[in-house]
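For reference, the chains in residue letters:
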Amino acid sequence: MSVNDLMRSRTLKWLNTGGNNGDVVLLSRIRLARNLRQIPFPNRADYNALAQVELQLDKTIPQIVEGLGQPFDRLDMEHISALQRQVLIEKQLISSNLVKNPQHRIAYISDDRRITIMANEEDHIRIQCTLAGFDLDHAWRLASDIDDCIENQVNLAFDEKMGYLTSCPTNLGTGMRASVVLHLPGLVYSRNMDSIVNLSPQLGLAVRSLFGTKENPSCIYRISNQLTLGLSEEELIENLKSTVNEIVAHERAARKALLYYMKDDVEDRIWRAYGTLRYARSLSEGELFGLLAKVRLGLDLKIIDEVSPECYGELLVGGRTSYLRNFAENENLSANEVDRLRAAHVRETLTRHRIGREE
Amino acid sequence: MLCDDCGRNEAVVHIVQIGPNGRVEKNLCETCAARYGQFMVSGRQNKDVSMDDFLKGIFSSNTRRAAAPAGKELTCPNCGMSYKDFEQTGKIGCSVCYETFRGQLEPLLRRIHGSNVHRGKIPRRSGGKLALKQTIETLRAKLRESIEQEAYEKAAQYRDRIRELEGQMQQEKGGEGDVR
């Protein structure tokens, strides 16, 4: 697939609905940090050392391609525009750390977009696997297989006692960050989210709100493990999974309660949000996230039945500012112009996903 | 000279701001300047308090105790990083640094992770016999557990498995070099 397709495509497999526990868990991700022996870590490496890492990783890719049976796109951060880098960050295909200094920073992105391997991010090698729904075990197996394949061909920095050596001591040991992205409108609207955010550090987990603002909550949260040393990957994942299961149960209960005690009000707000998205002529990014949260809730509760749930993932990608600027092939669009373009895009997407009513 | 902002009090502070509109110079009175100071601090705090800053703090408090008696400064023979550099960046320089600064890092790791021993995945190739060693460790833990629970049949199974693996280790001995 060409770079252009990668930038313009509005679908990301792992943003599709219908994954395991897909009504609450949007996606699961495993990220592994690995380094090559002896070569200074990227924050201390000169161009020569960075090029060496690039070269070594380049050589490992053919075997990964063969093992997975799908091609990878190789993107050199120095050779794409600043706007294109931002689009990749928006789509969560790369991390923002990769583009701070673009020289010798490479992203290998699999054809199905579930796997990204990054060269010279904070660590020499970062493997990232993202799957739809609640599927951490599968994502971990996938990431671990790729790790094995790379380890077969290069010398990784590993210490018997301290585990995988990483540039930042907070990643040391397993080098693994497991995370799930949750949609929690029930807990947000019933004002229960604070207690979950406050509780999680005690469980060795971090909860972070993604997108949105205080006035327009996107209700999207990422929850990930904080510790990486002293426990095995499976134990860390199990710990995260049990907490997420708990949150999912609370979220479902909160949604049920909302429907039971204030059904009319909830329905009204959901349809108003949907109506705004369908007809608005100008939408800011924050407003879009706020409205989308309600529409997604409406889709999950089967209150909105005239569009297919697939529109949610597409709007989450196609409604972003850098995406729109890149789409219009004009990085100097003013904020107003972007907001108008965003509204047009949202209207078009919702029309395309409309489910025909027979009667 | 009067304050540029309020125009009422005597200007005592000169500030230079570099922002989206280029360089702006102002002469301010004490009350107005205080407001600017607060602005800058609160604006930065929202953005910049990161794990890195946090680590830098931990690093430096750590060295005061651990590295002070050593006297001479320790530098990594591979990448030339000194322990002072950690205090400033919160980042390690290369894989050899971990060996060089092991003594200083271990208490720090215990503080971050509550442990300083890796119990997770072991690379197949460079891990060598370590994987076997770790399996035996886990089996031993299970053995102890089953003895405590008085599940002796299970315990016997674990014991046999451990013996088998230890035999394997003996056979392979001498084959592989050190991990590092």
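Residues numbered from 1 in each chain as written. Chains lettered and ligands numbered in written order. Predicted model: local features only at pLDDT ≥ 70, side-chain atom pairs only at ≥ 80, totals over all residues. Heavy atoms only, no water.

> Talk me through the state of the cysteines; I want residue IDs and the actual numbers.
Residue and element names in this part refer to chain B. Using the criterion set out here, one finds 0 disulfides over all chains in the structure. The closest cysteine sulfur to the non-disulfide-bonded Cys 3 is located on Cys 6, 3.7 Å from its own sulfur. Here Cys 94 is not cross-linked by a disulfide; its sulfur's nearest cysteine counterpart is in Cys 79, at 3.7 Å. (Disulfide = S-S within 2.5 Å.)

> An account of the pattern of salt bridges is needed here, citing residue identities and associated values.
Residue and element names in this part refer to chain A. Counted under the stated rule, the structure contains 35 salt bridges over all chains. Linking Glu 285 and Arg 320 is a salt bridge whose minimum nitrogen-to-oxygen distance equals 3.3 Å. With a gap of 35 residues between them, Glu 285 in helix 9 (residues 285-300) and Arg 320 in the loop between helix 10 (311-318) and helix 11 (321-327) connect regions that are remote in the sequence. What makes Glu 285 partly exposed here is its relative accessible area of 22%. (Salt bridge = Lys/Arg side-chain N within 4 Å of Asp/Glu carboxyl O. Helix = DSSP H or I, 4+ residues; strand = E, 2+ residues; numbered from the N terminus. Buried < 20%, exposed > 50% of the residue type's maximum accessible area, 1.4 Å probe, protein only.)

> Outline the sheet that holds strand 3 (residues 106-110) of chain A, listing residues and values.
Strands pair in a sheet through their backbones, by hydrogen bonds, and they do so in one of two ways: parallel or antiparallel. All names here are of chain A. Strand order in this open sheet of 8 strands is 2-3-4-5-1-8-10-9, and the pairing throughout is antiparallel. The sheet terminates laterally at strand 2 (72-76) and strand 9 (205-210), the two strands that pair on one side only. Each adjacent strand pair in this sheet contributes to an overall mean axis angle of 20 degrees, direction not counted. Note that strand 8 (residues 176-183) and strand 10 (residues 220-225) share 5 bridges and pair antiparallel. In the strand pairing of strand 10, Ser 179 is matched with Ser 224. (Pairing = 2+ DSSP bridges. Axes fitted to C-alpha atoms, helices over the stretch in contact; angles between N-to-C directions.)

> A description of the domain arrangement of chain A should follow, citing residues and the corresponding values.
Residues and elements named next belong to chain A. By domain assignment, chain A separates into domain 1 (3-182) and domain 2 (263-352). Between the C-alpha centres of domain 1 and domain 2 the distance comes to 29 Å. Of all residues in domain 1, the largest losses of buried area upon contact with domain 2 belong to Arg 8, Arg 10 and Glu 90, amounting jointly to 42% of the total for that side. Viewed at the interface, domain 2 and domain 1 are joined by 2 salt bridges. Notably, a salt bridge pairs Arg 10 with Glu 348, separated by 3.2 Å at the nearest N-O pair. On inspection of domain 1 and its partner domain 2, the count reaches 10 residue pairs in polar contact (both at pLDDT 80 or more). Secondary-structure elements contributing two or more residues to the side of domain 1 that touches domain 2 are helix 1 (3-8) and helix 3 (82-90). In terms of residue count, the dominant contributor to the side of domain 1 that touches domain 2 is helix 3 (5 residues). Of the residues in the side of domain 1 that touches domain 2, the class split is 6 nonpolar, 7 polar and 5 charged. (Domains from an automatic or database assignment. Buried area = accessible area lost by both parts, 1.4 Å probe. Polar contact = N/O pair within 3.5 Å; in protein donor to acceptor, adjacent residues only side chain to side chain. Nonpolar A, V, L, I, M, F, W, Y, C, P; charged D, E, K, R; others polar.)

> I'd like a description of helix 3 of chain A, backed by residues and values.
Residue and element names in this part refer to chain A. Of all the residues in helix 3, the buried ones are Leu 83, Gln 84, Arg 85, Val 87, Leu 88 and Glu 90. Tucked inside the fold, the buried residues of helix 3 contact helix 1, strand 2, strand 3, helix 9 and helix 11. One or two residues past the end of helix 3 sits Gln 92, with phi positive at roughly 60 degrees. (Contact = heavy atoms within 4.5 Å.)

> Can you explain the interface of chain B and chain A? Please cite residues and give values.
Taken together, the 39 residues of chain B in the interface contact 45 residues of chain A. Of the roughly 3600 Å² buried at the junction of chain B and chain A (both faces included), carbon and sulfur atoms supply 56%. A per-residue breakdown of the area chain B buries against chain A is headed by His 113, His 118 and Lys 121 of chain B, which together make up 21% of the total. Across the contact surface, chain B and chain A share 5 salt bridges. Among the ionic pairs, Asp 85 of chain B bridges to Arg 44 of chain A, the shortest N-O distance being 3.9 Å.

> Give me the lowdown on the side chain of Ser 322 of chain A, citing residues and values where you can.
Residues and elements named next belong to chain A. Locating Ser 322 in the fold gives a position in helix 11. Look at Ser 322 and you get buried, because its relative accessible area is 12%. Residues within four places of Ser 322 in sequence aside, it is in contact with Leu 83, Gln 86, Val 87 and Glu 90.

> Requested: an account of the packing of aromatic side chains, with residues and values cited.
Residues and elements named next belong to chain A. The final tally for this structure, using the stated rule, is 8 aromatic pairs over all chains. Centre to centre, the rings of Phe 211 and Phe 289 are 4.7 Å apart; their planes meet at 10 degrees, and the pair counts as stacked. Within this pair, whereas Phe 211 is found in the loop between strand 9 and strand 10, its partner Phe 289 is found in helix 9, the two being separated by 78 residues in sequence. Judged by relative accessible area, Phe 211 falls into the partly exposed class, the value being 25%. Assessed through its relative accessible area of 4%, Phe 289 is described here as buried. Judged by centre distance (5.9 Å) and plane angle (20 degrees), the ring pair of Tyr 323 and Phe 327 falls under stacked. One end of the pair, Tyr 323, and the other, Phe 327, are both in helix 11, 4 residues apart, so they sit about a helical turn from each other. The exposure class of Tyr 323 is buried, given its relative accessible area of 1%. (Phe/Tyr/Trp six-rings, centres within 6.5 Å; stacked < 30°, edge-to-face > 60°.)

> Before we move on, could you go through the environment of Asp 23 of chain A and cite the residues and values that matter?
Residue and element names in this part refer to chain A. Checked against the element boundaries, Asp 23 lands in the loop between helix 1 and strand 1 (25-34). Classification of Asp 23 by relative accessible area gives partly exposed; the value is 24%. Along the backbone, Asp 23 and Met 118 are 95 residues apart, and their C-alpha atoms lie at a distance of 31 Å.

> Describe the pairing of strand 2 (residues 22-28) of chain B, with residues and values.
Residue and element names in this part refer to chain B. One ladder, built from 7 bridges, connects strand 1 (residues 13-19) with strand 2; its direction is antiparallel. Within the sheet, the bridge partner assigned to Ile 15 lies in strand 2 and is Lys 26. Hairpin remark: strand 1 followed by strand 2, antiparallel, with 2 residues in the connecting loop.

> Could you give an account of helix 9 of chain A, naming the residues involved and the relevant values?
Residues and elements named next belong to chain A. Taking 1.5 Å as the rise per residue, helix 9 with 16 residues should run 22 Å; its terminal C-alpha atoms sit 22 Å apart, in good agreement. Of all 16 residues in helix 9, 12 are buried; the element is thus mostly enclosed. Where helix 9 terminates, the next one or two residues include Lys 302, which has phi positive at roughly 60 degrees. (Expected span 1.5 Å × (residues − 1).)

> Account for the pairing of strand 10 of chain A, with residues named and values stated.
Every regular strand shows the same layout, with side chains that alternate between the two sheet faces. Residues and elements named next belong to chain A. Judged by how many residues are buried, strand 10 sits mostly within the fold: 6 of 6 residues are covered. Of the two faces of strand 10, both are covered, the one formed by Ile 220, Arg 222 and Ser 224 as well as the one formed by Tyr 221, Ile 223 and Asn 225. Pairing analysis gives 6 bridges linking strand 9 to strand 10, with the strands arranged antiparallel. Looking at strand 10, one finds that Leu 210 is bridged to Ile 220.

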